[in-house]
Amino acid sequence: MRLILLGPPGAGKGTAAEILKKELGILHISTGDMLREQVKAGSALGLEAKKYMDTGKLVPDDVVIGMVSEKVEGLKETESFALDGFPRTKVQAQSLDQILKELRRPIDRVLYFDTSTPVIIKRLSGRRVCKQCGLNYHIHNMPPKKPGVCDQCGGALYQRADDSEATVQTRLNAYREQTAELIDYYQLKGSLRKIPGDYQARQLFEYLKDLFSKEGLS
Ligand code: AMP
């Protein structure tokens, strides 16, 4: 199964991808996580990307497209994956079409997370991330067993700098201006499915399982 998870920041894409990985073994490919790893490693790509990420702007298309094409081309033909946070512009969507066409591995479904603004704001302000393994938590919806400590690896949890109120507004604007048009792009292709983004993790997984089985994807 090859999926794209589409929606604004805080829509629940990352949480859904983690559940799909745990329950169905679908590989989670998050461009945000890949970029944060590059920043942490202090690579040239990371240093370039950081300038945009810190202010909530999109990293230039060629940087992200190069990173994703390398990743996707390195996968086994049979590997299921969910792209989280990519594509975010029409140029990225068209490049992805081209890459997957050459590999003869088309996207099966685009899941569009339709999430209300108050839920988005609440999710982003309460989000905490493990410094070590990158796993996401929420102080109310998905708290770790021990406050401030990752259940999975024991790493320290922190709040992403770009989850601050001011940067969140810039990120939401970037979504409206550069990404939202992809809803129509995939709707026209017939692969878009609207997902209730306000659902909590478990409820969401039950919904997705049902959808996949109805559409013969499981
Ligand atoms: P995310 O973790 O998906 O919220 O991404 C964090 C930040 O990484 C975004 O605000 C962008 O600056 C950058 N980023 C992630 N994915 C992309 C993408 N597909 N295109 C451009 N910038 C991206």
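Cut-offs applied
Residues numbered from 1 in each chain as written. Predicted model: local features only at pLDDT ≥ 70, side-chain atom pairs only at ≥ 80, totals over all residues. Heavy atoms only, no water. Core = buried A, V, L, I, M, F, W, Y, C linked by side-chain atoms within 4.5 Å. Buried < 20%, exposed > 50% of the residue type's maximum accessible area, 1.4 Å probe, protein only. Helix = DSSP H or I, 4+ residues; strand = E, 2+ residues; numbered from the N terminus. Contact = heavy atoms within 4.5 Å. Near = heavy atom within 4 Å. Polar contact = N/O pair within 3.5 Å; in protein donor to acceptor, adjacent residues only side chain to side chain. Nonpolar A, V, L, I, M, F, W, Y, C, P; charged D, E, K, R; others polar. Pairing = 2+ DSSP bridges.

A.B. asks: Just checking my understanding: could you explain the nonpolar core for this structure?
C.D. replies: The nonpolar side chains of a soluble globular protein tend to be buried, and buried together. In this structure, L83 and Y186 are the most contacted members of the largest nonpolar core, which totals 31 residues. If you list the elements that add at least two residues to this core, you get β1 (2–6), α2 (31–41), α3 (44–53), α4 (61–73), β3 (81–84), α5 (90–103), β4 (109–114) and α8 (181–189). When residues in this core are grouped by element, the largest group, six residues, is from α4. The residues contacting L83, other than those within four sequence positions of it, are L3, I4, L5, I29, V68 and L96.

A.B. asks: Even after reading the chapter, I still don't get the environment of R123, so can you show me in this structure?
C.D. replies: Mapped onto the fold, R123 is located in helix α6 (residues 117–126). Measuring from C-alpha to C-alpha, the distance between R123 and E70 comes to 31 Å, with 53 residues separating the pair along the chain. Not counting residues within four places of it along the chain, the set of residues in contact with R123 comprises G10, A11, G12, T115, H138, G197, D198 and Y199.

A.B. asks: Sorry if this is basic, but what is going on with the site of the ligand here?
C.D. replies: With respect to spatial proximity, 16 residues lie near the ligand, and among them T31, K57, G85, R88 and Q92 are the closest. Taking R160, its side chain carries an N or O atom lying 3.2 Å from an oxygen atom of the ligand. Considering each element in turn, the shell around the ligand owes the most residues, four residues, to α2. Per-class residue counts for the shell around the ligand are six nonpolar, four polar and six charged.

A.B. asks: Looking at this model, I keep getting lost on the sheet that holds strand β7 (residues 157–158). Mind explaining?
C.D. replies: Backbone hydrogen bonds are what pair the strands of a sheet, in a parallel or an antiparallel way. Strands sit in the order β6-β5-β7 across an open sheet of three strands; the sheet is antiparallel. Each edge of the sheet is formed by a strand with only one pairing partner; in this case those strands are β6 (136–138) and β7. Relative to β6, strand β5 (residues 127–130) runs antiparallel, the two being bridged by three bridges. Counted as the bridge partner of R127 is H138 from β6.

A.B. asks: Whenever I open this one, the pairing of β3 confuses me. Can you help?
C.D. replies: On a regular strand, one side chain projects to one face of the sheet and the next to the other, so that they alternate. Where burial is concerned, the two faces of β3 agree: the one with F81 and L83 and the one with A82 and D84 are both buried. With four bridges joining them, β1 and β3 adopt parallel strand pairing. Bridge pairing links L5 to D84 in β3. In this sheet, β3 lies alongside strand β2 (residues 27–30) in parallel orientation, the contact comprising four bridges.

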